[in-house]
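What follows is each chain in one-letter form.
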Amino acid sequence: MTRKLPIDDEMPAFLTYLEDKLAASGIASVTFGAVILNGRDHVAILVDDDDAEAAKLVARKSGASKVHFLTSSGRKGGSFRLEDPRYHAISMAVLPVRIAQELLKHAGDNGGVNALMRHQLAIYVKTYFGSVARLVGLSVESCDEREITNSDDNVGLVPSLGTDRTSQDRYLASIGWQPPVDMLERLGLTDPWIAEELLPSLTQYRDVPPGLAVFFCRKHAIELGFFETIRNSIEAKGYKILFSTPLEGEIARKLRDSTRGGNWGAGPFPVSGGPPVHLIFAVDVFPVKPARSLLGQHPFLDNETSLSTKNFARDNVLSTLPSSQHFNPLHSSDNSAEALHLAEMVLPKNEFKSLSDEFFSSSGRASELIGDGRLLWNTTPISASFWVEEQGEVRLRKVFRPQFAECLDNVARLHEALSDDWPEIPAVIDQQDGYLDLAVSDISMEPLGSATELPRLATILRLRKVLKAVKSAGFAPVAWNPECDICLSSEHAGSMIVGFDKLETSESEQIIGTTPSSLHRQALQQSYNTQWTKQLGVPKIIVVNGHTATIAMFRIVISPSVRVVERFADFCKKTYRRTRSRAKSLLRR
């Protein structure tokens, strides 16, 4: 079954039958193990991503065994998937990339791996995956393990495969083979021992509030000059950057190997983003609870905004590149606990303490102001609004993010100037450090962005008058977005409130302290203009400068017609995709 190769080592390396066949084609490989199901061998074997396709061709010619190829990064179909249907979208490489690459290099240079390394690999599979059968997605109860080495080779090797998992994990950690925490967390979703026994000893920060994130800027993004684009994109989504630090030396290596399973390859993109070379730690004091649909793929996510921010920054980078040059420019942590752990790993003690103190302080202050309030909207980078009850009455509390606290005074001045004549701009009941309480008691108000239909023409015409009144009062809204800055009442037709976060005045070009960068304004302006047409059914320039008849034509005729065409086009695309998929399935048969 095996062909031993003499090498200068205490324990000689050797090749299994399949490894030998692959080696003859110039492909390095290492066998995880084998099982027998219904009289047929199933072999699990590790190969490099680039060799996966060629290895499959060799395997098909080599015999009757069913070969399951697992790749060094998990790409090319060579990943492990959790068997629980709730988490089937989660896939991962079986080994941290560093270990996989070291094994393959050793096998290629020395004509295989020796009995000790195979024993270590068997312990690894048993400790973290349970069995080779589970590793390749087979029923554990229906399979029998098959020896791939002579039993004499394993005599005297410790720890034995019969040792308890805790001892085996301790041994694997001592030789640098323990998976990183983020990989163990995913395995722990379906393994109580990992979740309840192992992880608590590896993770210090478990019960912390959501909102802290670390963004990993990857090497290729920095080389192409996209650091400021990424930084500005993070700020544009409401994050306050606490620390920004380059990664160098041993810290860079340690973090690279301990995050994402050490997998920093190209993923689904044509170009690799490379390893992380810069970290940005940032806090969002208004975290958004992730939608249930996201938790299947991101079960440890504690703030949906961190994911949307990562995608937003990625889109801003890739929008400037041809598709053939696309790559993944950044990665982000899943939750505050992970971010704190990484901060402690890479920052000096005094900087870590400063970051930790500011995170807990700002998060605690926001929670104090919100109390038991119910969120109305949280889609602007500057503030969030909540229904709260004070002194027996319901009011709308507008809480500003700490970095935009100076915006509050201008907003208060606008409400004081216009609230008497314009009910759409409610009066200020109370103004304190960091928030305004507004006289709004209609709790049926909902943001325009959540509406399924376009607002009435009368509402748009009234909005136009409100915006003109704001301008006449000497205020200029910046990046004003109808999707989140208009709320409509579901109980009182025609009733609405119009919100403002960032205002400039004729007295000063910019008097509101820390603001999103000019790049933020430039990058988002087109998006905001698009939202006018999407949410109101009328382009911004028509609402602001057009005649009433033109506004009516857009709202009543043009926009509804465009929506019908768009829905029909979307239906055709979906039908085409379904038909193409079924046709391919039939052709395969």
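The structure presented is a predicted model; accordingly, all values stated were derived computationally and were not measured.

What counts, and where the lines are drawn
Residues numbered from 1 in each chain as written. Predicted model: local features only at pLDDT ≥ 70, side-chain atom pairs only at ≥ 80, totals over all residues. Heavy atoms only, no water. Helix = DSSP H or I, 4+ residues; strand = E, 2+ residues; numbered from the N terminus. Buried < 20%, exposed > 50% of the residue type's maximum accessible area, 1.4 Å probe, protein only. Contact = heavy atoms within 4.5 Å. Areas by Shrake-Rupley, 256 points an atom, 1.4 Å probe, with all protein chains shown as cover. Expected span 1.5 Å × (residues − 1). pLDDT = per-residue confidence, 0-100. Pairing = 2+ DSSP bridges. Axes fitted to C-alpha atoms, helices over the stretch in contact; angles between N-to-C directions. Parallel < 35°, antiparallel > 145°, perpendicular 65-115°, else oblique. Left-handed = near helix turned anticlockwise from the far one by under 90°. Nonpolar A, V, L, I, M, F, W, Y, C, P; charged D, E, K, R; others polar. Core = buried A, V, L, I, M, F, W, Y, C linked by side-chain atoms within 4.5 Å. Patch = residues over 30% accessible without salt bridge, like charges linked within 9 Å, V, L, I, M, F, W, Y side chains within 5 Å. Salt bridge = Lys/Arg side-chain N within 4 Å of Asp/Glu carboxyl O. Disulfide = S-S within 2.5 Å.

Student: Help me understand the overall build of the protein chain, please; the structure alone is not making it clear to me.
Tutor: Within the protein chain, the regular secondary structure consists of 21 helices and 23 strands. Considered along the principal axes of its C-alpha atoms, the protein chain spans approximately 90 × 60 × 45 Å. In the protein chain, which comprises 589 residues, the proportion classed as buried is 50%. Look at the contacts in the protein chain between residues 6 or more apart in sequence, and 69% of them connect residues 24 or more apart. For the protein chain, the accessible area works out to roughly 28,600 Å², and carbon and sulfur atoms hold 51% of it.

Student: How do you make sense of helix α17 (residues 457-472) when you look at a structure like this?
Tutor: An α-helix turns once per 3.6 residues; consequently, residues spaced three or four apart project the same way. Compared with the 22 Å implied by 1.5 Å per residue over 16 residues, the 23 Å span of α17 between its first and last C-alpha is a close match. Taken as a whole, α17 has its buried residues at T459, I460, L463, R464, V466, L467, A469 and V470. Within two residues after α17, G474 carries a phi angle of roughly 95°, on the positive side.

Student: Honestly, the confidence of the model for the protein chain in this entry has me stumped. Any pointers?
Tutor: Any residue range with low pLDDT should be treated as having predicted coordinates unsuitable for detailed reading. Looking at the protein chain as a whole, the pLDDT averages 85, with 90% of positions reaching at least 70. Confidence over residues 1-9 falls short of pLDDT 50; this stretch has 23 contacts with residues more than four positions distant or in other chains. Low pLDDT, under 50, characterises residues 508-524; the stretch is placed with 31 contacts to residues that sit more than four places away or in other chains.

Student: Would you explain the sheet that holds strand β22 (residues 496-498) in this entry?
Tutor: Within a sheet, adjacent strands bond to each other through the backbone by hydrogen bonds, running parallel or antiparallel. Ordered in space as β19-β21-β22, the three strands form an open sheet in which the pairing is antiparallel. Each having just a single partner strand, β19 (445-447) and β22 make up the two edges of the open sheet. Across the sheet, the mean angle separating the axes of adjacent strands is 25° when strand polarity is ignored. When β19 meets strand β21 (residues 486-489), the two strands line up antiparallel, connected through three bridges. Along β21, the bridge assignment pairs E446 with L488. The sheet contacts of α17 involve β21 and β22, and relative to β22 the element is tilted by about 35°.

Student: Explain the sheet that holds strand β16 (residues 393-400) to me, please; I cannot follow it from the model alone.
Tutor: Strand order across the open sheet formed by five strands is β14-β15-β16-β18-β17, with antiparallel pairing between neighbours. Unpaired on one side and paired on the other, β14 (374-377) and β17 (428-432) mark the two borders of the sheet. Each strand axis lies, on average, 25° off the axis of its neighbour in the sheet, ignoring direction. Note: strand β15 (residues 383-390) against β16, eight bridges, orientation antiparallel. From the neighbouring strand, A384 faces β16, where its bridge partner is V399.

Student: Looking at this structure, I do not really get the packing of helix α11 (residues 249-258) against helix α14 (residues 336-346). What am I missing?
Tutor: Any two packed helices are characterised by how steeply their axes cross, that is the angle between the axes, and by the distance between the axes. Where α11 meets α14, the axes come as close as 10 Å, and the angle between the chain directions of the two elements is 155°. Between α11 and α14, the angle is such that the two are roughly antiparallel. Of the two elements, α11 crosses α14, and the hand of that crossing is right-handed. Contacts between α11 and α14 pair I251, K254, L255 and S258 from the former with L342, M345 and V346 from the latter. Classifying every residue of the contact of α11 with α14 gives five nonpolar, one polar and one charged.

Student: Got a minute to help me understand the nonpolar core in this structure?
Tutor: Nonpolar side chains in soluble globular proteins generally cluster together in the buried interior. Among the nonpolar cores identified, the biggest contains 43 residues, and F32, L95, L103, Y124 and F129 are the most heavily contacted of them. For this core, the leading source of residues is helix α4 (residues 115-128), giving six residues. Every residue in contact with F32, bar those within four places of it in the chain, is listed here: A44, I45, L46, L70, V94, L95, L121, V125, V132 and L135. Residues C407, L414, I460 and C487 belong to the second largest nonpolar core, which totals 42 residues.

Student: Please explain the packing of helix α10 (residues 227-236) against helix α13 (residues 304-318) as it appears in this structure.
Tutor: One can describe the packing of α10 onto α13 by two numbers: an axis separation of 9 Å at closest approach and a directional angle of 140°. When the interaxial angle is binned, α10 and α13 end up oblique. The crossing of α10 and α13 is right-handed. Facing T229, I230, S233, I234 and A236 of α10, the residues of α13 in contact are T309, F312, A313, N316 and V317. A breakdown of the residues in the contact of α10 with α13 according to their chemical character gives six nonpolar, four polar and no charged.

Student: Even after reading the chapter, I still don't get a nonpolar patch on the surface, so can you show me in this structure?
Tutor: Together, M553, I556, V557, I558 and V562 make up a nonpolar patch on the protein surface, roughly 410 Å² of accessible area in all. Assignment of secondary structure puts V557 in helix α21 (residues 548-588). Looking at V557, the relative accessible area reads 47%, which means it is partly exposed.

Student: Even after reading the chapter, I still don't get the state of the cysteines, so can you show me in this structure?
Tutor: Covalently bonding the sulfur atom of one cysteine to the sulfur atom of another cysteine gives a disulfide. Here the structure, examined in full by the defined rule, presents zero disulfides. Here C484 is not disulfide-linked; the sulfur of C487 is the nearest cysteine sulfur, at 9.1 Å.

Student: How should the pairing of strand β12 (residues 276-283) be read in this particular structure?
Tutor: Along any regular strand, the residues point their side chains to alternate faces of the sheet. Counting buried positions along β12 gives seven out of eight residues, so the element sits mostly inside the fold. Of the strand pairs in this sheet, strand β10 (residues 212-218) and β12 are connected by seven bridges, and their pairing is antiparallel. Following the sheet pairing, F216 is matched in β12 by L279. Taken together, the six bridges between strand β11 (residues 240-246) and β12 define a ladder with antiparallel strand orientation. Across the sheet, residue T245 finds its bridge partner in β12, namely L279.

Student: So what exactly am I meant to see when it comes to the pairing of β17 here?
Tutor: Strand direction decides the pairing type here: β17 and strand β18 (residues 435-438), joined by four bridges, are antiparallel. What sits directly across from Q431, in β18, is L436. Hairpin remark: β17 followed by β18, antiparallel, with two residues in the connecting loop; positive phi at G434, about 95°.

Student: So what exactly am I meant to see when it comes to the pattern of salt bridges here?
Tutor: Between side chains of opposite charge, pairing is possible as soon as their charged atoms come close. The tally for this structure, following the rule as stated, stands at 20 salt bridges. A salt bridge links D284 to R401; the shortest N-O distance between them is 2.5 Å. You can see D284 sitting in the loop between β12 and α12 (292-295) and its partner R401 sitting in the loop between β16 and α16 (407-418), a full 117 residues away along the chain. Judged on exposure class, the residue D284 and its partner R401 are both buried. We note a salt bridge from R395 to D437, for which the minimum N-O separation is 2.9 Å. Of this pair, R395 sits in strand β16 while D437 sits in strand β18, and the two are 42 residues apart along the sequence. One connected set of salt bridges, linked through shared partners, spans E390, E393, R395, R397 and D437.

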